[in-house]
Amino acid sequence: MSVLRRGVRIAAAAAAALPLWLVPAAAERFPAEAFTLQNGMQVVVVPNHRSPAVTQMVWYKVGSADDPPGKSGIAHFLEHLMFKGTKSYPPGAFSALIAKQGGRDNAFTAADYTAFYETVAADRLPLAMRLEADRMTGLQLDDKVVLPERKVVLEERHMRVDNKPAGILDEELNARLFLHEPYRNPNIGWEDEIERLGTNDALAFYRRWYMPNNAVLVVGGDVDPTSVKTLAERWFGPTPARALPPRERASEPPHHAAVRVTMKSAHVAVPSWERLYLAPSYRMGATGEAYPLQVLAEILGGGVKSRLYKTLVLDKKLALSVGADYEPGARDLTSFEIYATPKDGVAVADLEAAIDGVLRRLLATGAAPEEVKAAEDRMLAASVYDEDSLTGPAETIGAGLTIGCTLADVEAWPERIAKVTAAEVDAAARAVLKSRNSATGVLLPERTS
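Engineer: How would you sum up the packing of aromatic side chains? Please name residues and give values.
Structural biologist: Within this structure, the stated rule accounts for 13 aromatic pairs. Taking the centre distance of 5.6 Å and the plane angle of 80 degrees together, the rings of Trp 59 and Phe 108 count as edge-to-face. Here Phe 108 lies in strand S5 (residues 104-109) and Trp 59 lies in strand S4 (residues 53-60), a separation of 49 residues in the sequence. Judged by relative accessible area, Trp 59 falls into the buried class, the value being 0%. By relative accessible area, Phe 108 is classed as buried at 7%. Judged by centre distance (6.1 Å) and plane angle (45 degrees), the ring pair of Phe 108 and Tyr 117 falls under tilted. Following the ring pairs from residue to residue traces out a cluster consisting of Tyr 60, Phe 83, Phe 94, Phe 116, Tyr 206 and Tyr 210. The aromatic ring of Phe 94 is capped on one face by Arg 135, whose charged end is 3.8 Å from the ring centroid.

Have a look at this one:
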């Protein structure tokens, strides 16, 4: 079980380049077929017959950004509690049955969705589907199982955040980048609010959001759409739809000042630097900039051929590592990130000045057309590797559909990336890389002697 900072990226990270002619056309990206059950549950099937295995993913269109005020962490807490049993299957039986069949299962919570998945032999898909359908509405909770699991979640928070200075800084920085949007809250929740979550909170959240007409079933692997449809109708079909509440989200106001957070810790051996810029996503803001911003992230920090790496690591030898990241897969505004670790003896201020110099040059002279083309080729090649796996397509499709994209949007990603021009990259860079839209974080060692 895990929490994700924002979600599964629809675009894959950069990898070794393949010739562009090896990249599949948009219509052939996934051999997916989609249909909707009468109760409103979306189903997508992605056949892949290379091995006799299948991955099933059930995605719920609810995540930590939907946590009620004062109850941060409830979406993630409920993810844990979904393994605590139903009338038909007592606590622990779900995972035990999957493991007994040689499979594996897990779940994760992001800001906009919660997903549960199983990977099993293809002929065990009926078991996985029966188990997921049962806990969609049959979860049984009481204090005996809820309160001990709350301690587990608190310990998870301590391990992932509170005991890691970088985790604390990331949390602080994110809370300052977003002034009002619920993305400012951590997916795992704030500790004092987790401590107050109880059985009634979990059941209320479960009954409000967990229903077939708020779910997406994605099945990928050695299956055919007809058999999956038959199974889905048998196991999920009888569950009736319910009234779905609106996903009410606070909107982000305009930003007028840059934010800076500096943190010192005796547990830090090497300084680090990062900066977040408020940015549009696939679904919010200037959505047309989402594809150019992905190309911009690749140009700036997508591996050893990027501008930041060549300048800071190879030429000036100021950084041990540097990169850029952009996560467009969000229902609301998102972030464009630049991060770096200085070499020993290099002041963070000097590293930051060099990064700002790279950004100024990009904004002043723009991206070269051949630079854009090379970045696009690397991104398209990376997506081929991702799509060749058993779970990759299911993750990509599920993440896209749960934020409100269509299957056609997901399928069209290669085509849309390949059409991004240098002028569009330049315009997106000018729109997003503004000081007033930024939050900069610096993590420093604290000398104890």
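Engineer: Would you mind going over unusual backbone geometry in detail, with residue names and values included?
Structural biologist: One non-glycine residue with positive phi stands out, namely Lys 317, at about 55 degrees. Within the secondary structure, Lys 317 sits in the loop between helix H10 (307-315) and strand S10 (319-326).

Engineer: With reference to specific residues and values, describe empty space enclosed by the protein.
Structural biologist: Under the defined criterion, the tally for this structure stands at two cavities of 30 Å³ or more. Those elements giving two or more residues to the lining of the largest cavity turn out to be helix H2 (93-100) and helix H3 (125-137). Per-element tally for the lining of the largest cavity: the top contributor is H3, with three residues. Each residue belonging to the lining of the largest cavity can be placed in one class, and the counts come to seven nonpolar, three polar and two charged.

About the cut-offs
- Residues numbered from 1 in each chain as written.
- Predicted model: local features only at pLDDT ≥ 70, side-chain atom pairs only at ≥ 80, totals over all residues.
- Heavy atoms only, no water.
- Phe/Tyr/Trp six-rings, centres within 6.5 Å; stacked < 30°, edge-to-face > 60°.
- Helix = DSSP H or I, 4+ residues; strand = E, 2+ residues; numbered from the N terminus.
- Buried < 20%, exposed > 50% of the residue type's maximum accessible area, 1.4 Å probe, protein only.
- Lys NZ or Arg CZ within 6 Å of the ring centre and 35° of its normal.
- 1 Å grid on protein atoms, 1.4 Å probe; cavity = no way out; pocket = protein on both sides within 12 Å on 5 of 7 lines; lining within 4 Å.
- Points joined across faces, edges and corners; volume = space filled by probe spheres on them.
- Nonpolar A, V, L, I, M, F, W, Y, C, P; charged D, E, K, R; others polar.

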